[in-house]
Amino acid sequence: MNFNDNRLVFNNDIRLVISDVDDTLAYPYMSASEKIIKGLNEILIRGTSLFFVSGQSISNMRWRIIDRLEPKYRHRILAGTCSGAEVWGFDTAGELIDKPFYSKYEELFDDSMKKKWREAVNEVIKRFEFKKYETMPKPKFREVSLCDFKSIMYEDRSSQITFEVVNSCSLNDEQCAHYESILGSPLKSRDLRVSVVEYANELFERYSLPVTARLAGNFAIDLAVKDVTKTTAVQYALYSGNCMTALEMTPKELEDPSVLEIWGDKFSVVNGGTDRHICKAVPPSVRAIDFRHEPESEIPKEYNINIWDGERSLCEAVEDYMERSGLI
């Protein structure tokens with residue numbers, strides 16, 4: 001693990017960048033900046049392929065990033081969606097392929113199970129008296145919802161359902177008392193997500209559904225296919241012939257860990273950081289860059305995770321990395 005490494009620049013020998021999306025390349029429910037799009041296009045022009053791995057859906061990743069990249073290079077892009085439940089690719093015309101390379105959702109769920117999943121989720125919403133809103137940037141949501149602690153953003157991504165619990169991650173005394181009254185027991189945390197996750201997982205077990213509720217990012221709860229993570233998507237892509245062909249890479253190239261690089265912002269073992277799951281799928285010496293200034297004590301020591309050394313963080317830090325590396 002290397003901290004404050006001033007030599008963090010893009011290496012032209014890198015053949016594949018595996019990157020998180022939210023807060024790394026674009027802020028949630030917002031488009032990536034022009035600088036980041038320019039840098040990603042330059043990476044593709046130089047012959048390096050891209051693999052975006054996110055909890056978001058393929059449609060979300062497309063309008064925010066992928067559809068803004070040069071169509072003639074999109075066939076060298078993979079998209080691992082819904083926390084690893086599916087991996088998508090693009091044809092030589094830059095269009096989305098007809099079906100994903102794999103889908104754990106379609107593999108595990110028949111129509112009756114899909115319906116049962118939605119019924120269980122509706123029970124969760126009713127139990128916590130949630131009011132559902134469509135997804136939007138967090139500042140706009142706070143304004144529209146008037147910071148109401150029962151209001152959430154809700155998105156059914158088919159193979160994953162996500163709650164953005166923006167207004168109730170730090171409940172006040174009155175709000176805690178309200179939920180303790182309706183739940184009939186003390187809250188374990190002022191972050192309401194903890195109670196929601198516990199209740200949801202009890203329901204999924206009762207319904208015999210292969211679904212797990214888990215914390216995601218700073219505000220979200222992902223209701224995702226059980227035992228599927230970003231590790232699942234990356235392992236499949238790197239060790240599946242059809243994905244490697246799409247990336248124009250060979251399995252032999254993977255024997256050299258310097259041809260891979262990981263970008264993310266949540267490698268911490270605290271509060272549901274999922275980017276470390278990308279590291280689990282590759283040799284531990286593969287360089288990962290953490291663009292959030294996370295505490296050293298929270299970073300897994302078994303991987304080559306480098307904390308970004310610049311002053312800015314998140315998407316702005318990625319812009320600085322691209323500028324430092326001559327990509328923009």
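Just so you know, the residues in each chain are numbered from 1, in the order the chain's sequence is written. The predicted nature of this model means local features are confined to residues of pLDDT at least 70 and side-chain atom pairs, given and counted, to a pLDDT of 80 or more, with totals for whole chains, interfaces and linings taken over all residues. Water and hydrogen atoms were dropped before computing side-chain values, which therefore reflect all heavy atoms in the structure.

**Observations concerning the overall build of the protein chain**
- Think of it this way: any DSSP run of H or I at least four residues long counts as a helix, any run of E at least two long counts as a strand, and we number them from the N terminus. Scanning the protein chain from N- to C-terminus turns up eleven helices and 14 strands.
- Taken over C-alpha atoms, the radius of gyration is set against a globule rule of 2.2 Å times the number of residues to the power 0.38. Against the 2.2 N^0.38 benchmark of 20 Å for 328 residues, the protein chain shows a C-alpha radius of gyration of 20 Å, consistent with a compact globule.
- Here, residues are in contact when the closest pair of their heavy atoms is within 4.5 Å. Looking at the protein chain alone, contacts between residues at least 24 apart form 63% of all its contacts between residues at least 6 apart.
- Working definition of accessibility: Shrake-Rupley area with a 1.4 Å probe, residue cover restricted to the visible protein chains. In the form shown here, the protein chain has an accessible surface area of approximately 14000 Å², with 48% of it arising from carbon and sulfur atoms.
- Only four residue types enter the tally: Lys and Arg on the positive side, Asp and Glu on the negative side; His and the chain ends are excluded. To locate a charge, take atom NZ for lysine, CZ for arginine, CG for aspartate or CD for glutamate. Side-chain charges of the protein chain comprise 42 positive and 53 negative groups, with the mean position of each set lying 2 Å from the other.

**Considering the nonpolar core**
- Counting residues in each nonpolar core, the largest one holds 37 residues, and the members touching the most others are Trp117, Phe163, Phe204 and Leu223.
- With seven residues, the single largest contributor to this core is helix H7 (residues 192-206).
- Excluding anything up to four places from it in sequence, Trp117 contacts Tyr105, Phe109, Ser158, Ser159, Gln160, Ile161, Phe204, Leu209, Val211, Leu223 and Ala224.
- We define the nonpolar core as a collection of buried residues of types Ala, Val, Leu, Ile, Met, Phe, Trp, Tyr and Cys that are connected through side-chain atoms lying within 4.5 Å of one another. Using a 1.4 Å probe on the protein chains alone, a residue whose accessible area is under 20% of its type maximum counts as buried, one over 50% counts as exposed, and one in between counts as partly exposed. In terms of nonpolar packing, the next biggest core, distinct from the first, is built from 36 residues, Val17, Ala26, Ile36 and Ile43 among them.

**Describing the side chain of Thr162**
- Structurally, Thr162 can be placed in strand E9 (residues 160-164).
- In this structure the side chain of Thr162 is engaged in a polar contact, spanning 3.2 Å, whose partner is the side chain of Arg157.
- Two N or O atoms count as a polar contact when they lie within 3.5 Å, although within protein this holds only if one can serve as hydrogen donor and the other as acceptor, and sequence-adjacent residues are included solely when both atoms are side-chain atoms. A polar contact of 3.0 Å, which involves the side chain of Thr162, links it to the side chain of Gln160.
- With residues up to four places along the chain from it excluded, the contact list for Thr162 reads Met153, Tyr154, Glu155, Arg157, Ala220, Ile221 and Asp222.

**Some thoughts on the environment of Asp290**
- Here Asp290 shows up in strand E13 (residues 287-290).
- Exposure remark for Asp290: the relative accessible area of 0% places this residue in the buried category.
- With 63 residues separating them in the primary sequence, Asp290 and Asp227 have C-alpha atoms 24 Å apart.
- Setting aside its immediate chain neighbours within four residues, Asp290 contacts Gly264, Asp265, Lys266, Phe267, Ile299, Ile305, Asn306, Ile307 and Trp308.
- From its side chain, Asp290 meets the backbone nitrogen of Arg292 in a polar contact 3.0 Å long.

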